[in-house]
Amino acid sequence: MNKLWVEKYRPKKIDDYVFRDENQKKTISAWIKQGTIPHLLLSGSPGIGKTTLAKVLMTEMDIPEFDVLEVNASRETGIDFIRDSIEPHVQKIPFGPFKVVLLDEADRLSQQAQDSLKGIIEENSTWARFVLTCNSPNRILPPLHSRLQQMHFGSIDKTEFTARAATILVEENIDFDLDTLDTYVKAVYPDLRKCINLLQQHSIDGKLTTPSGEDSGVADYKFEMVDLFKAGKITEARKLLCGKARPDEMGDIFRWLYDNLDIFGDEIIQDKAVLIIKQGLLDHSVVIDPEINLAATLIRLSHL
């Protein structure tokens, strides 16, 4: 069976990792040189590289695998798992410099679990380090926040994003055209993990194809929507988006529009689009019906 591309091309060393901020790189390089890290809260959107960086840190510092407990908090949300699995792990003598608990999606933890975790962090700080990742840092309780050093991950530059995707296709000897790749990038940016998975899924017989309308395995309406925007059919794209987007996607849709301003036209039009999208995003947090708010925003964008 072919290896998953997201694993095959996952950065293993700090020199392979693409940082969004030079200061972040300097800070992390200093930790590696010192051979230690603080307790960390790594935040940012899905697929942005939070867990990858945590694993790079462990590799660079030669943390033995026996010292690492990796947990997906979206599946283990309660206090019992904290007490029965995490606490016994950090109380054992480490093989290396310290024990590590990598807690993915920590914003899914219950309030009780977070309360329990803060005590365990304090009691075991001498020989254990906790690395938490999350999409929404505001869901982490303030007392837990204060025990962690937060590092936020913004979106990777879109040019770099596209270059990474193109490099993987070249390495895999996949024939592709730039317009098709651009459609993938615009549909899923800034989620690089999702982009890589979709590229592998739709690289058939050595050629990259665009998902068809019958492909229920992906949010195919986004690909169709991108094509409509690129063709200047803003009204049709608006109708498709309003008809397909789920209520829980509304906030993500606003961020997607902001990340893909170039679909609206030249810089002057993009500047006007920014103001409309920002107002829509502000209204999103206070309106009763977010779907109507999104529709109103898209109507204004279609009149640019």
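Refer to the structure printed above.
Residues numbered from 1 in each chain as written. Predicted model: local features only at pLDDT ≥ 70, side-chain atom pairs only at ≥ 80, totals over all residues. Heavy atoms only, no water.

Draft legend 1. Inspection of the sheet that holds strand E2 (residues 68–72) at higher detail. If you trace the five strands from one edge of the open sheet to the other, you get E2-E3-E4-E1-E5, paired in parallel fashion. At either margin of the open sheet sits one strand with a lone partner, and together these are E2 and strand E5 (149–153). Averaged over all pairs of adjacent strands, the angle between their axes in this sheet comes to 15°, without regard to strand direction. Pairing analysis gives five bridges linking strand E3 (residues 99–104) to strand E4 (residues 128–134), with the strands arranged parallel. Paired with Leu102 across the strands is Val131, a residue of E4. (Pairing = 2+ DSSP bridges. Helix = DSSP H or I, 4+ residues; strand = E, 2+ residues; numbered from the N terminus. Axes fitted to C-alpha atoms, helices over the stretch in contact; angles between N-to-C directions.)

Draft legend 2. Region of interest: the nonpolar core. Ranked by size, the top nonpolar core spans 47 residues in total, and within it Phe161, Leu199, Phe229, Leu257, Phe264 and Leu301 carry the most contacts. Looking at which element gives the most residues to this core, the answer is helix H10 (residues 220–230), with six residues. Those residues in contact with Phe161 that lie beyond four places of it in its chain are Ile156, Val185, Val188, Tyr189, Pro190, Asp191, Leu192 and Cys195. (Core = buried A, V, L, I, M, F, W, Y, C linked by side-chain atoms within 4.5 Å. Buried < 20%, exposed > 50% of the residue type's maximum accessible area, 1.4 Å probe, protein only. Contact = heavy atoms within 4.5 Å.)

Draft legend 3. Seen up close, the packing of aromatic side chains. Per the stated rule, a full pass over the model turns up five aromatic pairs. Aromatic side chains Phe161 and Tyr189 sit 5.1 Å apart centroid to centroid with 75° between the ring planes, which places their arrangement in the edge-to-face category. Linking Phe161 in helix H7 (residues 158–171) with Tyr189 in the loop between helix H8 (178–188) and helix H9 (192–201), this pair joins segments that are 28 residues apart in sequence. Taken as a pair, Phe161 and Tyr189 share a single burial class, namely buried. (Phe/Tyr/Trp six-rings, centres within 6.5 Å; stacked < 30°, edge-to-face > 60°.)

Draft legend 4. The arrangement of the pattern of salt bridges in detail. All chains considered together, the criterion is met by nine salt bridges. With a shortest N-O distance of 3.5 Å, Glu105 and Arg108 are connected by a salt bridge. A relative accessible area of 26% places Glu105 in the partly exposed class. When its relative accessible area of 45% is taken as the criterion, Arg108 is described as partly exposed. Between Asp175 and Lys207 there is a salt bridge, and its shortest N-O distance comes to 3.8 Å. (Salt bridge = Lys/Arg side-chain N within 4 Å of Asp/Glu carboxyl O.)

Draft legend 5. Highlighting unusual backbone geometry. Of the consecutive residues Tyr189 and Pro190, the connecting peptide bond is found in the cis state with omega at 10°. By secondary structure assignment, the location of Pro190 is in the loop between H8 and H9. In this structure, Asp205 takes a positive phi of about 55° despite not being glycine. Summarising the element assignment, Asp205 is placed in the loop between strand E6 (203–204) and strand E7 (207–208).

Draft legend 6. Region of the structure containing the pairing of E4. Taken across its seven residues, E4 has seven buried, putting it largely inside the fold. Judged from the four bridges that link them, strand E1 (residues 40–44) and E4 form a sheet pairing that is parallel. Bridge pairing in E4 links Leu42 to Thr133. Viewed along the sheet, the connection from E3 through helix H5 (residues 111–123) into E4 turns out right-handed. (Right-handed = clockwise from strand over helix to strand, strands pointing away.)

Draft legend 7. The side chain of Asn124, seen in detail. By secondary structure assignment, the location of Asn124 is in the loop between H5 and E4. Dropping the residues within four chain positions of it, Asn124 is found in contact with Val90 and Gln91.

Draft legend 8. Representation of the packing of H8 against H9 in the model. Two elements in contact, H8 and H9, have axes whose closest approach is 9 Å; the angle formed by their N-to-C orientations is 140°. One finds that H8 runs oblique with respect to H9. Note that H8 runs across H9; the crossing there is right-handed. Between H8 and H9, the contacting residues are Leu181, Tyr184 and Val188 on the first element and Lys194, Cys195, Leu198 and Leu199 on the second. Residue classes in the contact of H8 with H9 are distributed as six nonpolar, no polar and one charged. (Parallel < 35°, antiparallel > 145°, perpendicular 65-115°, else oblique. Left-handed = near helix turned anticlockwise from the far one by under 90°. Nonpolar A, V, L, I, M, F, W, Y, C, P; charged D, E, K, R; others polar.)

Draft legend 9. Highlighting the environment of Ser110. Here Ser110 lies in the loop between E3 and H5. Classification of Ser110 by relative accessible area gives partly exposed; the value is 27%. Along the sequence, Ser110 and Pro38 sit 72 residues apart, while their C-alpha atoms lie 23 Å from each other. Here the side chain of Ser110 touches Ala113 through a polar contact of 3.1 Å, landing on its backbone nitrogen. (Polar contact = N/O pair within 3.5 Å; in protein donor to acceptor, adjacent residues only side chain to side chain.)

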